[in-house]
Amino acid sequence: MSFSRKVSVSRRNLLAAAAIVVGTGVTGGSVSAQVAGGSPAKPAGPGGPSTLVPFDGERSRRRPKCFLRGTLIMTPVGERPIETFAAGDLVVTRTGAVEPIKWIGRRSIGFDASGQWSALAMPIKIARSAFGHQLPHTDLYVSPSHSVYADGVLVPAGDLVNGLTIVPAVPAGTTSLDYFHIELAAHDVILAANLPVETLDVRADTPQAFDNAADRPMVAVADHTSYAPIVCLVGRRSAINSRLRSALAPWIDRRLPFDRVRDHVEERAIALRAAA
């Protein structure tokens, strides 16, 4: 890495840390929700453009992890929208194994009393190729606490918001957030629009939060352990320290796994914007 590149990386992360301190960054302050086209989200109900408090660590991670309606999930015979699945249908995991679905959790969320989307319900849009070429192959919408598998770890999408390729967003024309999740025999990673993402984790997730929780069978879980370590931010100080580690990385690399994933996605986002 050239000296000028090192300085650029360091400066970017120092500015991001400063923005978090004063509450204007994508972590630690408020950000505007975006529709798929990139303009402020204007709900059909009363009220103005939606705003929300971004991912807030432990509180958000207790929220259900879900895919938004329309998410394409890989099966042995190709992709299918998440809303078309039922218990017993087969999905393909990231290792190529074929597993039957034990249960599909469903929940629908409308506007709150002020005509806004709830901050913790607002989906996170992962833009096409945000993690690499065709990863995902189309824009993907998941709940903030839903983790993506990258570099051997699971990272909640809400912690990776960068204002470029990963943003709080709703597809244009959305009037109800219809969320779905897939439970397999064990916590696993499947392909959503070609991006490796987690299935329901019965240790940490709350099946009771789904509208159809009463229909969930008593599933015998073969493995109660997480598929991979979950790495994330917990509060503003955690976010600032992460940025400072990344600012020093060109000279002294003490980054943690989360920092490396976040830096990769962010640097790719900057490169995609420059190439556009």
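Above this note sits the structure.
Residues numbered from 1 in each chain as written. Predicted model: local features only at pLDDT ≥ 70, side-chain atom pairs only at ≥ 80, totals over all residues. Heavy atoms only, no water.

A. Spatial organisation of the overall build of the chain. Within the chain one finds four helices and 17 strands. Counting every position in the chain, which comprises 276 residues, the buried fraction comes to 49%. Restricting to contacts in the chain with at least 6 residues of sequence separation, those with at least 24 account for 67%. A total accessible area of about 12300 Å² is found for the chain, and carbon and sulfur atoms account for 56% of it. (Helix = DSSP H or I, 4+ residues; strand = E, 2+ residues; numbered from the N terminus. Buried < 20%, exposed > 50% of the residue type's maximum accessible area, 1.4 Å probe, protein only. Contact = heavy atoms within 4.5 Å. Areas by Shrake-Rupley, 256 points an atom, 1.4 Å probe, with all protein chains shown as cover.)

B. Looking closely at the pairing of strand β5 (residues 72–75). Side chains Ile 73 and Thr 75 project from β5 onto a buried face, and the interleaved Leu 72 and Met 74 project onto a face without burial. Pairing geometry for β5 and strand β6 (residues 78–81), over four bridges, is antiparallel. Residue Leu 72 lies in a different strand from β6, and its bridge partner there is Pro 81. Between β5 and the antiparallel strand that follows it, β6, lie two residues. (Pairing = 2+ DSSP bridges.)

C. Unusual backbone geometry, seen in detail. Cis geometry is adopted by the peptide bond preceding Pro 136, which originates at Leu 135 and carries an omega value of -5°. If you trace the backbone, Pro 136 turns up in the loop between β10 (124–126) and β11 (140–142). In this structure, Asn 194 takes a positive phi of about 80° despite not being glycine. The exposure class of Asn 194 is partly exposed, given its relative accessible area of 30%.

D. Region of interest: the packing of helix α1 (residues 3–22) against helix α3 (residues 235–248). Where α1 meets α3, the closest approach of the two axes is 8 Å, and the angle between their N-to-C directions is 165°. Put simply, α1 runs roughly antiparallel to α3. Taken as a pair, α1 and α3 cross one another with a handedness that is left-handed. Residue-level inspection shows Val 9, Ser 10, Arg 12, Asn 13, Leu 14, Ala 16, Ala 17, Ile 20 and Val 21 of α1 in contact with α3, the latter providing Arg 236, Ala 239, Ile 240, Arg 243, Leu 244, Ser 246 and Ala 247. (Axes fitted to C-alpha atoms, helices over the stretch in contact; angles between N-to-C directions. Parallel < 35°, antiparallel > 145°, perpendicular 65-115°, else oblique. Left-handed = near helix turned anticlockwise from the far one by under 90°.)

E. Spotlight on the environment of Arg 255. Mapped onto the elements of the fold, Arg 255 is located in the loop between α3 and α4 (257–275). We classify Arg 255 as partly exposed; its relative accessible area is 21%. It is 9.8 Å that separates the C-alpha atoms of Arg 255 and Asn 241, two residues lying 14 residues apart in sequence. With near-sequence residues (within four places) excluded, Arg 255 lies in contact with Arg 245, Ser 246, Ala 249, Arg 260 and Asp 263. Here Asp 253 takes part through its side chain, which lies 3.0 Å from a polar atom of the side chain of Arg 255. (Polar contact = N/O pair within 3.5 Å; in protein donor to acceptor, adjacent residues only side chain to side chain.)

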